[in-house]
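Secondary and tertiary structure notes
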Amino acid sequence: MGKKAELHYEGKVFEIPVVTGSENENALDISKLRGESGLITLDRGFKNTGSTQSAITFLNGEEGILRYRGYSIEELAEKSSFLEVSFLLIYGELPTQQELDKFTKDISEHSLVHEDVKSILDGYPSKAHPMGVLSSLVSALTAFYPKSLDPNRSKEQINGTIIRFIAKLPTLAAWSFKNRMRQPIMYPKNKLNYTSNFLHMMFGLPTQDTEINPVVAKALDKLLILHADHEQNCSASTVRIVGSSHASLYASVSAGIAALWGPLHGGANQAVIEMLEEIKADGGDVDKYVAKAKDKSDPFRLMGFGHRVYKNFDPRATIIKKAADDVLRELGIEDPVLDIAMKLEKVALEDEYFKVRGLYPNVDFYSGIIYRALGIPTDMFTVMFAIGRLPGWISQWKEMRENNEPIGRPRQVYTGATERAYVGMENR
Ligand code: ACO
């Protein structure tokens with residue numbers, strides 16, 4: 001006998017089954033509630049609603065635990081590589097050496113994009129934000145691979161789309177940057193590893209050989225691992241909900257990129273640096289900005305602080321903070337914005353307002369600092385996040401399709417006008 005809860009409503013008792021996950025998390029399964037009682041549940045922003053059962057990523061916000069397929073983020077960040085983690089997320093197990101070699105080779109051999117992509121890029125103004133360009137270029141992949149439109153193709157065919165996607169995203173991302181800089185695009189080089197190839201396409205110029213700094217490539221690889229998945233966050237939920245209508249993988253992820261772009265989600269990494277720059281330009285008065293963040297009549301929030309799920313600390317932030325220190329030391333960079341970040345962190349962590357609400361620096365508080373040190377321009381920060389999150393979006397989409405999940409379609413409590421007669425123009 002499984003666990004059950006009871007709902008007492010208008011003199012009747014309704015039994016609600018309790019679903020228990022592998023980490024002993026319990027959820028009320030209310031899927032039949034409306035049929036039996038006429039009631040729906042209301043949970044704006046899905047603050048307390050599980051949208052699915054998933055075997056990909058586990059996180060416990062109270063204890064600061066994050067695991068991909070059971071492996072701790074700390075261990076993966078230290079010992080693994082981004083492509084190995086991508087394989088783990090998408091196929092469920094760590095690859096053997098042979099599997100990883102094949103996966104890596106397949107990806108490196110598909111990194112080129114169709115030449116016609118260049119003419120699409122030419123149509124964008126140079127000021128176009130690279131996230132908007134990336135989202136539309138990902139959607140445009142459906143034009144070059146029309147068969148990918150069918151999400152019910154064979155496992156092998158879906159896998160081909162997945163490999164192509166991981167291979168081409170860095171190329172599209174780097175080209176969207178080159179377009180913004182009005183520099184010639186750089187073609188991928190198959191002999192380079194995933195992150196080095198990306199750096200080559202970003203910073204390379206046809207007039208000179210690109211030197212890839214291994215410290216930079218390693219730090220970037222670690223950042224990509226830390227961003228690779230985060231269970232049912234805003235963009236992953238978007239990917240799943242778009243894919244639930246049987247939209248293609250490219251179309252679903254294009255929507256996920258748009259969701260990630262917002263400053264309350266992945267766009268926070270860009271917003272953090274812009275905020276720190278603003279504080280610096282305004283004389284570095286950290287207390288003033290902390291007061292603004294606490295003032296409910298002021299829309300300002302401390303970007304990079306707070307998280308829907310983590311209320312103690314964000315384990316990714318702890319790893320990134322250390323990585324940021326290492327990179328800055330290794331590259332000999334002294335960044336005045338970093339001093340402001342450290343001051344802000346200290347003031348906020350000691351402040352009652354932030355303590356009571358469980359507001360701690362999140363992954364984006366430090367990722368912007370490290371991207372800056374790696375020479376990545378501010379409006380490319382969220383693009384970096386998107387490259388890292390791609391295996392997560394793919395695995396969420398794949399799981400949803402393999403479990404044949406129904407179309408995502410929430411209900412609502414209607415609060416508008418009740419039925420009324422049409423009013424002619426002369427009487428308005
Ligand atoms: N600065 C000041 N106050 C904050 C902040 C902040 N950064 N974040 C939350 N609060 C306050 C809210 O005003 C609210 O206060 P109240 O209880 O007095 O009304 C309380 O803390 C709870 O905040 P909510 O907005 O209800 O929390 P929610 O879970 O909906 O939002 C979010 C989480 C969006 C991350 C929020 O903390 C935020 O806006 N942070 C800044 C943006 C950011 O860094 N986003 C990146 C998140 S990580 C990621 O997506 C990869």
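Residues numbered from 1 in each chain as written. Predicted model: local features only at pLDDT ≥ 70, side-chain atom pairs only at ≥ 80, totals over all residues. Heavy atoms only, no water.

For the rest of this paragraph, the subject is the sheet that holds strand β5 (residues 65–68). Taken together, the three strands give an open sheet; going across it, the order is β4-β5-β6, and neighbouring strands pair in antiparallel fashion. Edge positions in the sheet fall to β4 (57–60) and β6 (71–72), since each of these pairs with one other strand and no more. Here β5 runs beside β6; their pairing, made up of two bridges, is antiparallel. When the sheet's bridge partners are listed, Tyr68 is paired in β6 with Tyr71. (Pairing = 2+ DSSP bridges. Helix = DSSP H or I, 4+ residues; strand = E, 2+ residues; numbered from the N terminus.)

The subject of this paragraph is the site of the ligand. The ligand sits among 22 residues. The nearest are Lys296, Arg301, Leu302, Gly304 and Arg308. One of the side-chain nitrogen or oxygen atoms of Lys296 is found 2.9 Å away from an oxygen atom of the ligand. Among the residues making up the shell around the ligand, the classes are represented as eleven nonpolar, five polar and six charged. (Near = heavy atom within 4 Å. Polar contact = N/O pair within 3.5 Å; in protein donor to acceptor, adjacent residues only side chain to side chain. Nonpolar A, V, L, I, M, F, W, Y, C, P; charged D, E, K, R; others polar.)

Right, let's talk about empty space enclosed by the protein for a bit. Across all of its chains, the model carries three cavities of 30 Å³ or more by this definition. Counted as a void, the largest cavity has a volume near 40 Å³. Forming the walls of the largest cavity are Ser148, Asp150, Pro151, Arg153, Ile158, Thr161, Ser248, Leu249 and Trp397. Grouping the constituent residues of the lining of the largest cavity by class yields four nonpolar, three polar and two charged. (1 Å grid on protein atoms, 1.4 Å probe; cavity = no way out; pocket = protein on both sides within 12 Å on 5 of 7 lines; lining within 4 Å. Points joined across faces, edges and corners; volume = space filled by probe spheres on them.)

What follows concerns the packing of helix α7 (residues 155–181) against helix α18 (residues 381–402). Across the interface, α7 lies against α18 with an axial gap of 10 Å and an inter-helix angle of 170°. Relative to α18, α7 is oriented roughly antiparallel. Between α7, through Ile158, Ile162, Phe165, Ile166, Leu169, Pro170 and Ala173, and α18, the contact on the second element is made entirely by Val383, Ala386, Ile387, Leu390, Ile394, Trp397 and Lys398. Of the residues belonging to the contact of α7 with α18, the class tally is 13 nonpolar, no polar and one charged. (Axes fitted to C-alpha atoms, helices over the stretch in contact; angles between N-to-C directions. Parallel < 35°, antiparallel > 145°, perpendicular 65-115°, else oblique. Contact = heavy atoms within 4.5 Å.)

Interpretation in functional terms is not warranted from these geometric data alone.
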